[in-house]
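As a plain string of letters, each chain reads:
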Amino acid sequence: MTCDGRRVLILIDVIVTIGNTLSVDLISVNILVPRSTPETRPNEITIIVVLIALLLLLPPIVVLWSFNDSYWLVPYLIWSIIILLSYWLQRHLKKHAL
Amino acid sequence: MHFELWQLFLVSILYLGLLFLIATATDRHWIPPSIAQHPLVYTLSLGVYATSWSFYGSVGFAQKQGFSFLAIYLGATIAFVASPILLRPILKLTESYRLASLADLFAFRYHSQTAGVLVTIFMLAGTLPYMSLQIQAITNTLQIMTQSAQNGHMALGFCVTIGLFSILFGARHISPREKHHGLVVAIAFESLVKLVTLLTVGLFAIFGIFGGFFELNQYLELNPEASAALFKPVREGPWATLMMLSFASAFLLPRQFHMIFVENTNPKALNTASWAFPLFLLLLNISIPPILWAGESLNLGIPADLYVLGITLDSSSKVLPMLTFLGGLSAASAMIIVTTLALASMCMNHIVLPASFPLRLSIGINMYQWLLWGRRLVIVLIIAAGYSFYLVQQQYNQGLVGLGLISFVAVAQCLPGIVGLLYWQRASKAGFIAGLLTGGFIWAITLLLPLFERAGIIAFPFLNIPNLAISTTDSALWSLAFNGLAFVLFSFMLPQSKEEREVSNACFRKGFLVPQGKVRATSINEFEHQLAKIIGTDIARSEIKRALSDLGLDHKTVNMASLPLLREQINRNLSGLVGPVLSRMIVNQHLQIDRATKSALADTIQFVESKNEKTRSKLEGVSSELDTLRKFHFQVLQDLPLGVVSVSENNHILSWNNAMARLTGIDQKSIVGQPIDNIEQPWQKILTSFISNKNFQIRELKAIINSDSYVLNLFKAVVSHDQKQRSGIVILIEDHSQRYSLEEKLAHSERLASIGQLATGVAHEIGNPVTGIACLAQDLQSEPNNSIILQQGLDQILKQTNRIDNIVRSLVNFSHTDRYHDHSADSLSLRDTIDQAIQLISLNHLSQSLTYDNQCDGTIYILGYSQKLIQVFVNLLSNATDASSQGGKIEIQAFLNGQTVNTIVRDYGKGIRKDHLAKIFDPFFTTKPIGEGTGLGLSLTYNIIQEHGGSISVSNKEEGCQFEVSLPRFKPIRN
């Protein structure tokens, strides 16, 4: 596996870990909202997705994929992940009629 | 390779002609609406975000700032990912309140024309120079492709064509409710052309110049600095600031706002756009690095901004450069068209119309046409201004190339205002204006003025403006920081006005704009007359018709309670025409509200209900719980088996439940909100008289409604918000008609039973006179010529027949089915009533040995129903007769007691057992052997007396017992 490939895997791992942490923090531990209700759930999920997207695009995570020897398509891969997250968000909201 | 100018001109004309054709085909439904209004078409139309700066300039940006150029699109991506909490609420506001531009949105939220004017000026200042860059891009392209000097006629021709297209397809309607489908599809087509062109050029760069992906990778391995140069600025450059700027620009740029919100036909399309638009941007930009490397590898000797065109001109194909030219033309034309339309709407609503308000239109002028042509004129002026900037730019050469990002920084100054609009309810007008002025000032002195001075357009000999210049990103940070600070500070220092707070609540979905006060106009014609004074008769009629249609009403169903709703709807519809501030002014001036008069509760309730119906799904938390509780209480009232009517202080019907609708046959929808005088008779009379009656209850009210007899119990209570203020009256109506009908049947049966008991006596009473008549007849037969005997005999016969007639008449009167509520109560002589009862009871064989002593004064009168009261006394005397022993006496006395008459029926019989006294008036209670009594006599007696508003009591005396009947006294009027 190339250096880029390993880095992408590490990145995905970091994203999943952050996502899980955020989900736990925001939904179960209730950092942002005191109580999750069907009315507030779409907002909560959207905030989580936006935060994940921002984490991917803002320092320090951005340093992980912007080394000089990174493959030139990596930024587009990150972008694709965000688009997939947005697609999933819309499907989720539609599926649960939120 | 080079092209002739006429070739490019021809292609341009053909391409723009194709755009006209697409727009016309859409407007005439040659393209089915299912395609024209498809979410993907909507998404592509948002591609107007990518201008010629993106199309050509991204490569140059990538060369200077590496992958930082992606931040311009990644910020927009974040904005669309956040659409459920960012774009959707704005879309709802713009749809609900018919807001046609960003200036409208701010003017509405901050309840300020100044806010609208400032935003308009700011957008003009930030966008007009940027428009000129689009014209510049086209002429630069022409210059390179024809390898000749710039041709001013081509730029002018381009502007004229674009202006014509904008007027024909973007200013076809004046209201934001009428969407420009043709424009949307044409802009979507232009986005598609841009995308296909850039992808094609990218593929050409990879396969045509490098020879394939493998060769490209080889080039990158051989030139690692090429790839490194792209990544380095991401770590070290203004990546985050650029993302923030593009985040704001994605929905605040006038063209973006117009396409996302104003031209949106289906809110669900925004869901698709939230992932499809970022995907469009990704595909649009994926070709940029290969094109950059291809241009560098070819050593084209032109600025990197023109590599997109340069590498295609290096090919042998003539199609590829022409396609690239069309891509650039698409990017520039789409930007200018949509920006012009958006700015025209802002200028009309916040500069032209406020300056000419009140609209001095004579009745003969059609306001729609006035607005339409006004908007078209503004479009022409904006494009002319853009062209003028272009000429200035030409004169001062390349001094304005940095205007793309500068425009983004200008637009970003609205970001604190949007944050306040969506997430900070306390944000005030003062805060917004102060923030905008502060941020705008910093933007102007650090970016705009230095740029103009560097370009030589302006000069400040006394001030060294260029020294104030800082980088675009630094300026963005500083201006936004101070903007936000001023926004917060001034919002705290100068809090919202009452009107502003109402709008703020509406924006935060915590309520809606409830009209305060009462609409002065009393009819729809008055509305029309008032509106006609400013917008002309035809337009007023048309707007009212449109508002009625929006509310699902028509001239017939509209009522007083609908007028506030109608006023609000007219306000919204006019907002789409003349902006929220002017529409409010027109409505406030011409459809006035009397604020001194408290708004009719009926009106308010109906308004709130109708709004609540629409927003119920949006209620959250405690509001939702309270709404559920409210609905439960409302349903309890609706399903209550009693008629419930609530009437406002000004006698309008507030509620009318299902039982009331069944009882009256009047539908709830048709009556709620109506004045009480509009109710059909006799209900209007019943309710009005009861409301004005000082008594809080009326029992056994008898009425004939549609030929049916009704017996009603009415109760009322005053409803108050607080101790001092009365809000209305609630009336409960019990329908006892059915019970009364049954009781009537029972009473009739009881009377027949009484007659049955009297049968022996009746036979005896009638038999005696008949026997006498027979004897007299025999006497007359034996002495037919004796005139004295004849005369005496005939007299006796007549006397006896009269006696029989009296008995029969009494029985018939007593036994016939009562129709008491066919007539009202009469004044009755108590003595005569009791005499008639005695006469009937005398038919009983038991009565023959008893004495009935009627001691009542002949001057005492009571108010009641004769037959019913005779039945009362027959029952009492019958019981007394049964209880008395032979030779006994029954006394009837009466005496006045204030407004009542007390009648005592006293016997000297065996009395009533103590344990029976409490049950004696119970139905079916009897002490007589089975078959001799029904047990209903005294029960009916009790009910009849109650019905007369009287009372009855029984007590044992030393000898026998005594019934005391109390009845209302009647005072005959004496002349």
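Before going into details, it helps to say that this report is about the structure given with it. (Residues numbered from 1 in each chain as written. Chains lettered and ligands numbered in written order. Predicted model: local features only at pLDDT ≥ 70, side-chain atom pairs only at ≥ 80, totals over all residues. Heavy atoms only, no water.)

Digging into the overall build of chain A
From N to C terminus, chain A includes 4 helices and 0 strands. When the elements of chain A are put in sequence order from the N terminus, they spell out α-α-α-α. Looking at chain A alone, contacts between residues at least 24 apart form 67% of all its contacts between residues at least 6 apart. Looking at chain A as shown, the accessible area adds up to about 5400 Å², and 69% of this sits on carbon and sulfur atoms. (Helix = DSSP H or I, 4+ residues; strand = E, 2+ residues; numbered from the N terminus. Contact = heavy atoms within 4.5 Å. Areas by Shrake-Rupley, 256 points an atom, 1.4 Å probe, with all protein chains shown as cover.)

Looking at the overall build of chain B
Counting secondary structure elements, chain B contains 42 helices and 14 strands. Within chain B, the proportion of its 975 residues that are buried is 54%. When contacts within chain B are restricted to residue pairs at least 6 apart in sequence, long-range pairs at least 24 apart make up 75% of them. Entry remark: accessible area of chain B is about 41600 Å², with carbon and sulfur atoms responsible for 58%. (Buried < 20%, exposed > 50% of the residue type's maximum accessible area, 1.4 Å probe, protein only.)

Some words on the nonpolar core
All names here are of chain B. Among the nonpolar cores identified, the biggest contains 230 residues, and Leu102, Phe251 and Ile570 are the most heavily contacted of them. Sort the elements by how many residues they give to this core and helix α19 (residues 319-356) lands first, with 19 residues. Those residues in contact with Leu102 that lie beyond four places of it in its chain are Val119, Met123, Leu252, Phe257, Met346, Cys414 and Ile418. Core analysis: the next-biggest nonpolar cluster, separate from the first, contains 39 residues, Leu843, Tyr852, Val872 and Ile945 among them. (Core = buried A, V, L, I, M, F, W, Y, C linked by side-chain atoms within 4.5 Å.)

Section: the interface of chain B and chain A
Across the contact, 39 residues belong to chain B and 32 residues belong to chain A. On inspection of chain B and its partner chain A, the count reaches 0 salt bridges. The tally of links from chain B across to chain A stands at 7 residue pairs in polar contact (both at pLDDT 80 or more). Those elements that provide at least two residues to the side of chain B that touches chain A are α6 (68-81), α12 (213-222), α13 (224-236), α14 (239-252), α16 (267-285) and α17 (288-298) of chain B. In terms of residue count, α16(B) provides more of the side of chain B that touches chain A than any other element does, 8 residues in total. (Salt bridge = Lys/Arg side-chain N within 4 Å of Asp/Glu carboxyl O. Polar contact = N/O pair within 3.5 Å; in protein donor to acceptor, adjacent residues only side chain to side chain.)

Here's the deal with the packing of aromatic side chains
Residues and elements named next belong to chain B. Tallying each qualifying case throughout the model produces 34 aromatic pairs over all chains. The interplanar angle of 25 degrees and the centroid separation of 6.3 Å between the aromatic rings of Tyr15 and Phe189 together place this pair among those described as stacked. Taken together, the residues span a long stretch of sequence, with Tyr15 in helix α1 (residues 5-27) and Phe189 in helix α11 (residues 181-210) at a distance of 174 residues. Relative to Phe251, the ring of Phe247 lies with its centre 5.9 Å away and its plane at 85 degrees, an arrangement referred to as edge-to-face. One end of the pair, Phe247, and the other, Phe251, are both in helix α14, 4 residues apart, so they sit about a helical turn from each other. Connected via pairs of aromatic rings, a cluster forms that spans Tyr49, Trp53, Phe61, Tyr73, Phe80, Tyr130, Phe277, Phe280 and Phe408. Stacked on the ring of Trp373, the Lys or Arg Arg376 has its end atom at 4.7 Å from the ring centre. The side chain of Lys716 reaches across the aromatic face of Phe690, ending 5.0 Å from its centre. (Phe/Tyr/Trp six-rings, centres within 6.5 Å; stacked < 30°, edge-to-face > 60°. Lys NZ or Arg CZ within 6 Å of the ring centre and 35° of its normal.)

A closer look at the pairing of strand β4 (residues 653-656) of chain B
Residue and element names in this part refer to chain B. Of the pairings in the sheet, the one linking strand β3 (residues 643-648) to β4 comprises 3 bridges and is antiparallel in character. If you follow Val647 over to β4, its bridge partner there is Ile653. From the end of β3 to the start of β4, which pair antiparallel, there are 4 residues, and Asn651 there has a positive phi angle of about 60 degrees. (Pairing = 2+ DSSP bridges.)

Brief notes about the side chain of B:Asn657
Positionally, B:Asn657 belongs in the loop between β4 and α33 (658-664). Residue contacts for B:Asn657: discarding those within four places in its chain leaves B:Leu637, B:Gln638, B:Leu640, B:Leu642, B:Gly643 and B:Val644.

Here we look at the pattern of salt bridges
Residue and element names in this part refer to chain B. Scanning all chains against the criterion turns up 4 salt bridges over all chains. For Arg546, the salt bridge is made with Glu543, and the minimal N-O distance between the two is 3.9 Å. With Arg546 and Glu543 both in helix α28 (residues 537-551) and 3 residues apart, this pair spans about one turn of that helix. Note on Glu543: relative accessible area 1%, which makes it buried. Counted as one network, the salt bridges with shared partners bring together Asp853, Lys889 and Glu891.

Side note on the packing of helix α22 (residues 415-423) of chain B against helix α25 (residues 472-493) of chain B
All names here are of chain B. Put simply, α22 and α25 touch, their axes get as near as 9 Å, and they point 40 degrees apart. Regarding the angle of α22 to α25, the classification is oblique. Where α22 abuts α25, its residues Leu415, Pro416, Gly417 and Gly420 lie against Leu480, Asn483, Gly484 and Phe487. Classifying every residue of the contact of α22 with α25 by side-chain character gives 4 nonpolar, 4 polar and no charged. (Axes fitted to C-alpha atoms, helices over the stretch in contact; angles between N-to-C directions. Parallel < 35°, antiparallel > 145°, perpendicular 65-115°, else oblique. Nonpolar A, V, L, I, M, F, W, Y, C, P; charged D, E, K, R; others polar.)

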